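# Structural characterization, general
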Amino acid sequence: MTEIEKLKLELKQVNAEYAGIRDVPAEERAEFGRKINAKKQDIIAKILAAEKAALDAEVEALDVTAFTAPNEPVPEVYPQDYGSRHPLTMELERVAEIYQMMGFDVVESRQLDDEYHMFDSLNFAKEHPARDGYDTFRTEEGLIPPAHTSTMQHRVLKKYRDRLARGENIAVVVPGRVYRNEDVDATHEHTFYQCEGVYVSRECNMGQMLGILREFFEKYYEQKLEIRTQPGYFPFTEPSLEFMIEKPKSLGGKKGDFLEMLGCGMIHPNVLQMAGIDPKEYHGFAWGGGIDRLVMLRYGIKDVRYFESGNLNFLRNFR
Ligand code: DAH
């Protein structure tokens, strides 16, 4: 029996007691009536409180995420266990885990940044046309939703530079959401994800960087891969490379199908210097690449726009 049912039973009993008033001597009836009535009011107050508490609990347990957006057809009300995490969230975690296993720390990027971190701290010369190449959005206050996760390089270098003095290395990856004001099509989104890597030590070289990148991609795609590089240009690395992998057969590729996966290079001495790290003593390499593209290849997703579409038929494939 629930609390409310018990109280209602008590109320019935009190009402029955009240019927006994007939047998009470006339001079005691008023007192008798007052007592019974007080008991009754007390029980009614308790019933109301219990009913309110039960209703509150019910509202609290209501899962609003079980309902689809108003513009989606609603074939049924989905039970709670139909929900799932977004594929990019799951894959970002997987990416971070692989790097963590390789000894990297993970720092999250931010959603609003400034001119200094977007360009200056990355050795973009003032008024250099390369600044326009990033198609940045700007707020009315002149802030920038980051167009790449490289905006975090300066912060990460400063945050961890004390490690170098202690004889340790800086090894950090920075996953994050980035934004570009460009035309949207099957391979371009205004909102997408990147993962940045930063490594600094006394002795390090491009060979180590390529080793780390190969290891990452082979772990992510769970197979051996052919890699290739070609020269690139980024103001914050010198030399700069574009890193490619051969599209695996198991993912619909054929021999010689190379896909560009990220930009990378040896960190420019000016970038280290601006973060208070002596480029004569320390060297570093860095890389940054799109997560959406990585995930699209893994699952054979043909159009990047699916990720931000909120399309339930797409999302249900990743339950
Ligand atoms: N931030 C570059 C982009 O979005 C990619 C990149 C290139 C990142 C070279 C790096 C790097 O860290 O060293 O196009």
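Located above this text is the structure these notes cover.
Throughout what follows, the structure given in this document is the object of discussion. (Residues numbered from 1 in each chain as written. Predicted model: local features only at pLDDT ≥ 70, side-chain atom pairs only at ≥ 80, totals over all residues. Heavy atoms only, no water.)

Taken together, the seven strands give an open sheet; going across it, the order is E1-E2-E3-E7-E6-E5-E4, and neighbouring strands pair in mixed fashion. Whereas interior strands pair on both sides, the edge strands pair on one side only; in this sheet they are strand E1 (105–106) and strand E4 (227–232). As paired strands, strand E5 (residues 237–246) and strand E6 (residues 258–267) are joined by eight bridges and run antiparallel to one another. Counted as the bridge partner of Leu241 is Cys264 from E6. Across the sheet, helix H3 (residues 87–101) lies against E1, strand E2 (170–179), strand E3 (191–201) and strand E7 (283–290), angled at about 10° from E3, the strand it touches most. (Pairing = 2+ DSSP bridges. Helix = DSSP H or I, 4+ residues; strand = E, 2+ residues; numbered from the N terminus. Contact = heavy atoms within 4.5 Å. Axes fitted to C-alpha atoms, helices over the stretch in contact; angles between N-to-C directions.)

Turning next to the packing of H3 against helix H8 (residues 291–299). Closest axis-to-axis distance for the H3/H8 pair is 10 Å, and the angle between their directions is 100°. Relative to H8, the element H3 is oriented roughly perpendicular. Where H3 abuts H8, its residues Leu88, Glu91, Leu92, Arg94 and Val95 lie against Ile291, Asp292, Leu294, Val295, Arg298 and Tyr299. Looking at the contact of H3 with H8 residue by residue, the class counts come to seven nonpolar, no polar and four charged. (Parallel < 35°, antiparallel > 145°, perpendicular 65-115°, else oblique. Nonpolar A, V, L, I, M, F, W, Y, C, P; charged D, E, K, R; others polar.)

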